Amino acid sequence: MVDIKNLEAPISTVTIERNQFDAPTDNIYEAISVVAKRAIQINSEIKKELIEKLDEFATHNDSLEEIFENKEQIEVSKFYEKLPKPHAIAVQEWLEDKIYYRNTKEEA
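What counts as what
Residues numbered from 1 in each chain as written. Predicted model: local features only at pLDDT ≥ 70, side-chain atom pairs only at ≥ 80, totals over all residues. Heavy atoms only, no water. Helix = DSSP H or I, 4+ residues; strand = E, 2+ residues; numbered from the N terminus. Expected span 1.5 Å × (residues − 1). Buried < 20%, exposed > 50% of the residue type's maximum accessible area, 1.4 Å probe, protein only. Contact = heavy atoms within 4.5 Å. Polar contact = N/O pair within 3.5 Å; in protein donor to acceptor, adjacent residues only side chain to side chain. Salt bridge = Lys/Arg side-chain N within 4 Å of Asp/Glu carboxyl O. Axes fitted to C-alpha atoms, helices over the stretch in contact; angles between N-to-C directions. Parallel < 35°, antiparallel > 145°, perpendicular 65-115°, else oblique. Nonpolar A, V, L, I, M, F, W, Y, C, P; charged D, E, K, R; others polar. Left-handed = near helix turned anticlockwise from the far one by under 90°. Core = buried A, V, L, I, M, F, W, Y, C linked by side-chain atoms within 4.5 Å.

Spacing of three or four residues puts side chains on the same side of an α-helix, whose turn is 3.6 residues. Across its 28 residues, helix α2 (residues 28-55) extends 40 Å between first and last C-alpha, which sits within 8% of the 40 Å expected from 1.5 Å per residue. Buried within α2 are the following residues: Ile-28, Ala-31, Val-34, Val-35, Arg-38, Ala-39, Ile-42, Glu-45, Ile-46 and Glu-49. Where α2 is buried, its residues meet α1 (18-21), α3 (71-81) and α4 (86-95). N-cap assignment for α2: the residue whose side-chain oxygen lies 2.9 Å from the backbone N of Tyr-29 is Asn-27.

The element α4 is largely enclosed, with a buried count of 7 among its 10 residues. Along α4, the residues classified as buried are Pro-86, Ala-88, Ile-89, Ala-90, Val-91, Glu-93 and Trp-94. Where α4 is buried, its residues meet α1 and α2. Two residues or fewer after α4 comes Asp-97, characterised by a positive phi angle close to 55°.

As a further point, take the pattern of salt bridges. Following the criterion strictly, the structure yields 4 salt bridges and no others. Measuring nitrogen to oxygen at the nearest pair gives 2.6 Å for the salt bridge that ties Arg-18 to Asp-22. On the accessibility criterion, Arg-18 (48% relative accessible area) is partly exposed. Its relative accessible area of 9% is what places Asp-22 among the buried residues. One network of salt bridges, in which partners are shared, links Arg-38, Glu-45 and Glu-93.

With that settled, consider the packing of α2 against α3. As a packed pair, α2 and α3 sit with axes 10 Å apart at the nearest point and diverge in direction by 170°. Between α2 and α3, the angle is such that the two are roughly antiparallel. Between α2 and α3, the residues in contact are Ile-46, Glu-49, Leu-50, Lys-53 and Leu-54 and Gln-73, Val-76, Ser-77 and Tyr-80, respectively. Split by residue class, the contact of α2 with α3 holds 5 nonpolar, 2 polar and 2 charged.

A separate point is the packing of α2 against α4. The axes of two packed helices give the description: the angle between them and the distance between them. Between α2 and α4, whose axes approach to 8 Å, the crossing angle comes to 125°. In terms of orientation, α2 and α4 fall into the oblique class. Taken as a pair, α2 and α4 cross one another with a handedness that is right-handed. Of the residues in α4, those touching α2 at Ala-31, Val-34, Val-35, Arg-38, Ala-39, Ile-42, Asn-43 and Ile-46 are Pro-86, His-87, Ile-89, Ala-90, Val-91, Glu-93 and Trp-94.

Our next topic: the nonpolar core. Within the largest apolar cluster, 19 residues are counted, with the highest numbers of intra-cluster contacts made by Phe-21, Val-35 and Trp-94. Only α2, α3 and α4 provide two or more residues apiece to this core. Here Trp-94 is in contact with Phe-21, Pro-24, Thr-25, Ala-31, Val-34, Val-35, Ile-99 and Tyr-101, once residues within four sequence places are set aside.

This is the structure we're talking about:
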């Protein structure tokens, strides 16, 4: 699980040297594929955690008259909006060698 409170990934766009990015695989497309799959995993983890936190605030009434502003819910939403994007987290993990991958074609 991703520790979202202690992330060092950039929030804005950062240029990365291509040779540094594809060095572990020697193939830019394979490196992008690995990072993309990890970004999907990170996104689903963050989404699951956010839904669990927002479920605490859920009201089970079908009445439209009882819609009210919940400041705690807004703070939770703002926290998740300010997080680095999943692809930025995945790229940071890739550059720090925190992603395990293997080439199944080489093993066969």
